[in-house]
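Results of the structural survey
Here is how the chains run, residue by residue.
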Amino acid sequence: MADSIPLNPVRKNSKRIPYYNSARLSRYSSEDDPSNLDEMPLMMSEEGFENDESDYQTLPRARVNQRQSGLGWFLLGGWKVLCGSCCDCLAHICRRKKELKARTVWLGCPEKCEEKYPKNAIKNQKYNIFTFVPGVLYQQFKFFLNLYFLVVACSQFVPSLKIGYLYTYWAPLGFVLAVTMVREAVDEVRRYQRDKEMNSQLYSKLTVRGKIQVKSSDIQVGDLIIVEKNQRIPADMIFLRTSEKNGACFIRTDQLDGETDWKLKVAVGCTQRLPALGDLFSISAYVYAQRPQLDIHSFEGNFTREDTDPQIHESLSIENTLWASTVVASGTVIGVVIYTGKETRSVLNTSFAKNKVGLLDLELNRLTKALFLAQVVLSVVMVALQGFVGPWFRNLFRFVVLFSYIIPISLRVNLDMGKSAYGWMIMKDENIPGTVVRTSTIPEELGRLVYLLTDKTGTLTQNEMIFKRLHLGTVSYGTDTMDEIQSHIIQSYAQVTSQPSNGSTNGATPSRKTQTSGPKVRKSVSSRIHEAVKAIALCHNVTPVYESHGGVNGETESAEADQDFSDDNRTYQASSPDEEESTGDITFYMKGADVAMASIVQYNDWLEEECGNMAREGLRTLVVAKKSLSEEQYQDFENRYNQAKLSIHDRGLKVAAVVESLEREMELLCLTGVEDQLQADVRPTLELLRNAGIKIWMLTGDKLETATCIAKSSHLVSRNQHIHVFKPVSNRGEAHLELNAFRRKHDCALVISGDSLEVCLRYYEHEFVELACQCPAVVCCRCSPTQKAQIVRLLQQHTANRTCAIGDGGNDVSMIQAADCGIGIEGKEGKQASLAADFSITQFKHIGRLLMVHGRNSYKRSAALGQFVMHRGMIISTMQAVFSSIFYFASVPLYQGFLMVGYATIYTMFPVFSLVLDQDVKPEMALLYPELYKDLTKGRSLSFKTFLIWVLISVYQGGILMYGALVLFESEFVHVVAISFTALILTELLMVALTIRTWHWLMVVAEFFSLGCYLASLAFLNEYFDLSFITTWPFLWKVSAITLVSCLPLYIIKYLKRKFSPPSYSKLSS
């Protein structure tokens, strides 16, 4: 199909052309096949065709957008881009990565290494002793809010700019910084202790003089390391010897690939056969290893022994490797280290955690910039009304400082304390026991999610396989008829007189069993069941083996060594457990996915239909077949297979070609169906999330068929929905055609493999993401850990929506850290995902309550709290502006010293903070109507519209309070301060009551406590208030009148709005 796209000749200098004119683009469209390309004008740049491995940004539109320039562009954010690119360039020069190369490693001779390799130390710290203070300060002052307060506080050291007392500016700022630094220091010390513990683990190193103990961080490339049972493997090694007699061991890889099943690893034959351990130093041997790479499922290398004639060469594949962070499950192993530290597979696949900043924080940051602009404009107006007389520039700065309360520093403190409170509430929720909040800075993100990216095995499923169905073509057996199979087998063994099996193990050479077979006539049900069950028993590993590229040796139940060949779709277990005495026939058993096996087995009329039936029941299917071989056929195959295994280039392809020569016209034995049971309440939870407007993507390392099957059974894809399986593509032309085919489909779920995804993203990133985002569900199978993280970043860049990743294994860590909100499930696959996540839960179903209830409350409460704290600052700034404008535009503060500190803290802090207990909808209602969640993603609770409403309220109330006090005071100016300040405190307490939607007893306590504190403190505020005046009736009625005028209209407006235009949630609760 790709050949049908005419690829135009390319000029060599095409790389210099930044973008293309329309005439040149139209040339492509006219030459392409219109039937394929008319539906989707995917742009094909010449550059992309010239360089097949070109970067993702080959789309001309991406370049056109980048060409904007000019003063307007510079002022509107261009300076940020320029500064960013300069910093990136400097950083790139400073940490230019050393090119990773293939290497030759001599056994036990680290000194023979030609290059210097990285230290084998684990380092997860963000800072060191020198960068801690500058680093933390940078993280704080990169926020405009904190930087602004630093400048204002520093200005108070200049006598001509000083307004009020120093402590009113420095105390709040110092408190914020102290709390942050202590929190960061505690986290950093914990990280240091964890790293030190890992780096200090002791291992036995084999030397010429015997065993010595070395720390994990001191291990070098070329060292011979002994790892005991249940010990972590410290670095990437080649497996040389084991204490197990069969030359193989099992390892646990749950912290590397997230899979709980043990993996079988095989020692290098040459070193395993040596009589004693010390003989490893008496031979001259080396390992040739490919350059370090990300892929944890493949490895190519060779082992060579030089001191024999002829030299011994053995091919090394993934089955001979022991990757770092895996754990030895059986026996003791000895390996030679080939990669250390940053070059190990586990570190290469780990992305560093970023400092996550919530969307609400960014929105508030934008609002504070708007407030700052308003503050400067107000100051300029004041100076302009003065007539720019005298040192007007100094007066301008004094006004800026005077109005600095328009941006309250308590905003940051209140929000941080609120987030801690939300975290505590989540962990105390009895409906989601065991939930842990690890990142307290982003609970509001739970209420703004649009995309949920989930792992499959262990997250949606329980990772427990149950045998459910055996189908022989004419007869099918289920769980309730398994006893019939048992009786048939007993019956067939009673009829067949067979000699006991004598399994012997000899490397990769198959062992023989003897059995008498009946004449070639139509077999009875008993004999067919006997054949099928025998095939399943023999063509099976006690411990499931990960299906990787190249050969894997699995241990069968009778301790025979099977040769197990795998590619993306199937497992071949080329064993010969059956050999007939008279003819010497060898039987080749094979099992695999129905898609792969359909073309391999002999023609039949039931396989496809039954596979479909089982898939609809949510069962995972496996087809079992066999083929008889003669001794000559087997020897020919074995010779060609061993030859293919030794090649360095295209080893996988050559091995696959040899194996394929056996896969023809095989006899179909049976079809099996197993169920990977879903976790409790997965279906209702996914439906709840879908109704809430969250788009769900499943990213899994599993096979395409299995992933599709689980997507159907979990109702990720609804029953009547069409599934579009994206065909495998390997180049630009194929990707172009397949994307056009996908474009024509409407409202269908997409299933795509990792390899095809990579090709699409290389050439058509924008188009692919645009199409995929329109799908109700997307399933990506055969995804590596880094690909999962890449998909998360793509969605963030292209949609600008908030993403959430949920997983339970070490292979999900990169994805969890890349997402705006990472959730880890603590399950069978270890705690790595749970520890790396922002939130840790024990079951997938808990995510429903976490988002619908806690996400909603956290976002709504923070939005209300943030805007109220801003209102508290704006109202007092409005009063200051009115005061200054009446008194000849003097830059004199209205309230000084303790009044300002008390206003922001003890007098109003508790009622305002009690807004973190408010809720607009009961939890039961939020779960019953998940559609309410859709409104949250639009961000209407905190927007420029709601912000402007609060600004208008602040201006109105500030004006009324100040003018009212000035109109009603009689003789003393000190009475203005007393009347206006008391009315201000009462107004704030009443405004909190107006904002609250659901009362809590603590809110009532906070209101009366604050009022009590203010009344009690009046006795001590002699320098600000006239005590003889504030105990009189005129004071009381004037304060009451002003407060009533400032608050009553707002209560009336709220009542009318609730009556004639109620919000959606209030309709439900009524």
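Just above, that's the structure.
Residues numbered from 1 in each chain as written. Predicted model: local features only at pLDDT ≥ 70, side-chain atom pairs only at ≥ 80, totals over all residues. Heavy atoms only, no water.

**Description of the overall build of the chain**
Which entries qualify depends on this criterion: Helix and strand assignments follow DSSP, with helices taken as H or I runs no shorter than four residues and strands as E runs no shorter than two, numbered in order from the N terminus. Accessible area is worked out with a 1.4 Å probe on protein chains only. A residue is then buried under 20% of its type maximum, exposed over 50%, and partly exposed in between. When checking whether two residues touch, look at their non-hydrogen atoms; a contact exists if any pair is within 4.5 Å. The Shrake-Rupley method, run with a 1.4 Å probe sphere, supplies the accessible areas, and residue values consider only the shown protein chains as cover.
Along the chain, the regular secondary structure elements total 37 helices and 30 strands. The buried share among the 1070 residues of the chain stands at 53%. In the chain, 75% of the contacts between residues at least 6 apart in sequence involve partners at least 24 apart. Put simply, the chain shows about 49200 Å² of open surface, and 58% of that area lies on carbon and sulfur atoms.

**Regarding helix α11 (residues 359–386)**
Quick note on the threshold: Expected span of a helix: the number of residues minus one, times 1.5 Å.
Compared with an ideal rise of 1.5 Å per residue, which puts 28 residues at 40 Å, α11 spans 41 Å between its outermost C-alpha atoms and is within 8% of the ideal. One or two positions beyond α11, positive phi appears at G387, with a value near 95°.

**Some words on the packing of aromatic side chains**
We apply this condition: Only Phe, Tyr and Trp rings take part, Trp by its six-membered ring, and two of them pair if their centres are within 6.5 Å. Stacked means planes under 30 degrees apart, edge-to-face means over 60, and tilted covers everything else. Geometrically, a charge over a ring is one whose NZ (Lys) or CZ (Arg) sits within 6 Å of the ring centre while staying within 35 degrees of the ring normal.
For the coordinates displayed, the defined rule picks out 24 aromatic pairs. Measuring from ring centre to ring centre gives 5.6 Å for F868 and W950, while their planes differ by 75°; the resulting arrangement is edge-to-face. With a gap of 82 residues between them, F868 in helix α27 (residues 846–886) and W950 in helix α32 (residues 944–968) connect regions that are remote in the sequence. Looking at F868, the relative accessible area reads 0%, which means it is buried. Seen from their ring centres, F883 and F887 are 5.0 Å apart, and the 45° between their planes marks the pair as tilted. Three or more aromatic residues joined by ring pairs form one cluster here, namely Y895, Y903, Y907, F981 and Y1014. The ring of W106 carries K112 above its face, with NZ or CZ at 4.2 Å from the centroid.

**Topic: helix α7 (residues 144–155)**
Taking 1.5 Å as the rise per residue, α7 with 12 residues should run 16 Å; its terminal C-alpha atoms sit 17 Å apart, in good agreement. Residues of α7 that are buried include every one of L145, N146, Y148, F149, V152, A153 and S155, and no others. Against the buried residues of α7 lie α6 (132–141), α8 (167–199), α11, α12 (392–402) and α13 (410–428).

**Let's talk about the pattern of salt bridges**
Oppositely charged side chains may form a pair once their charged atoms are brought near each other. The condition is simple: The rule for a salt bridge is simple: a side-chain nitrogen of Lys or Arg has to be within 4 Å of a carboxyl oxygen of Asp or Glu.
Scanning the entire structure with this criterion turns up 22 salt bridges. Of the charged contacts, one joins R103 and E343 as a salt bridge, the two residues approaching to 2.8 Å between their closest N and O atoms. Here E343 lies in the loop between β13 (333–339) and α10 (345–348) and R103 lies in strand β1 (residues 103–106), a separation of 240 residues in the sequence. We classify E343 as buried; its relative accessible area is 5%.

**Considerations on the environment of Y859**
Among the structural elements, Y859 can be located in helix α27. Using a relative accessible area of 0% as the deciding quantity, one classes Y859 as buried. Separated by 80 residues in the primary sequence, Y859 and G939 have C-alpha atoms spaced 9.3 Å apart. Residue contacts for Y859: discarding those within four places in its chain leaves L360, E444, R448, L936, G939, R940, S941 and L942.

**Re the pairing of strand β15 (residues 449–454)**
Cut-off, in case you're wondering: Only strands joined by at least two bridges in the DSSP assignment are considered to pair.
Judged by how many residues are buried, β15 sits mostly within the fold: 6 of 6 residues are covered. By the bridge criterion, 4 bridges tie β15 to strand β24 (residues 695–699) in an arrangement that is parallel. Bridged to L453 within β24 is W697.

**Quick notes on the sheet that holds strand β12 (residues 327–328)**
Reading across from one edge, β7-β6-β12 is the order of the 3 strands in this open sheet, with antiparallel pairing throughout. One side of each edge strand has no neighbouring strand; the edge strands of this open sheet are β7 (263–266) and β12. Judged from the 4 bridges that link them, strand β6 (residues 248–252) and β7 form a sheet pairing that is antiparallel. Note on β7: the bridge partner recorded for F250 is L264.

**Here's the deal with the packing of α7 against α8**
Cut-off, in case you're wondering: Structural elements are reduced to axes, namely lines fitted to C-alpha atoms, with helices fitted over the stretch in contact, and the angle between N-to-C directions of any two is expressed from 0 to 180 degrees. The hand of a helix crossing depends on one turn: near helix anticlockwise from the far one by less than a right angle means left-handed, and clockwise means right-handed. Three classes are used: nonpolar for Ala, Val, Leu, Ile, Met, Phe, Trp, Tyr, Cys and Pro, charged for Asp, Glu, Lys and Arg, and polar for all others, with Gly counted as polar.
With their axes 9 Å apart at the nearest point, α7 and α8 run at an angle of 145° to one another. Seen along the crossing, α7 lies across α8 with a hand that is left-handed. Between α7 and α8, the contacting residues are N146, F149, L150, V152, A153 and C154 on the first element and Y169, W170 and L173 on the second. Here the contact of α7 with α8 is built from residues that sort into 8 nonpolar, 1 polar and no charged.

**Some words on the nonpolar core**
To keep it simple, the criterion reads: Here, nonpolar core means buried Ala, Val, Leu, Ile, Met, Phe, Trp, Tyr and Cys residues that are tied together by side-chain atoms lying within 4.5 Å of each other.
Ranked by internal contacts, the top residues of the largest apolar core, which has 91 residues, are I823, I847 and L851. Counting residues in each nonpolar core, the second largest holds 40 residues, with V450, F768, C780 and A833 among its members.

**Notes on the environment of D416**
One can find D416 in helix α13. Once the C-alpha coordinates of D416 and I442 are considered, the two residues, 26 residues apart in sequence, prove to be 9.8 Å apart.

**Re a nonpolar patch on the surface**
For clarity, the threshold we go by: Patches draw on residues past 30% relative accessible area with no salt bridge. Two like charges within 9 Å are joined, as are two nonpolar side chains (Val, Leu, Ile, Met, Phe, Trp, Tyr) within 5 Å.
A cluster of nonpolar side chains, namely Y165, Y167, F898, I906, F910, W1001, L1002, V1005 and F1009, defines an oily patch on the protein surface of about 870 Å² accessible area. With 4 residues, the single largest contributor to the nonpolar patch is helix α34 (residues 1001–1017). Looking at where W1001 falls in the secondary structure, it is placed in helix α34.

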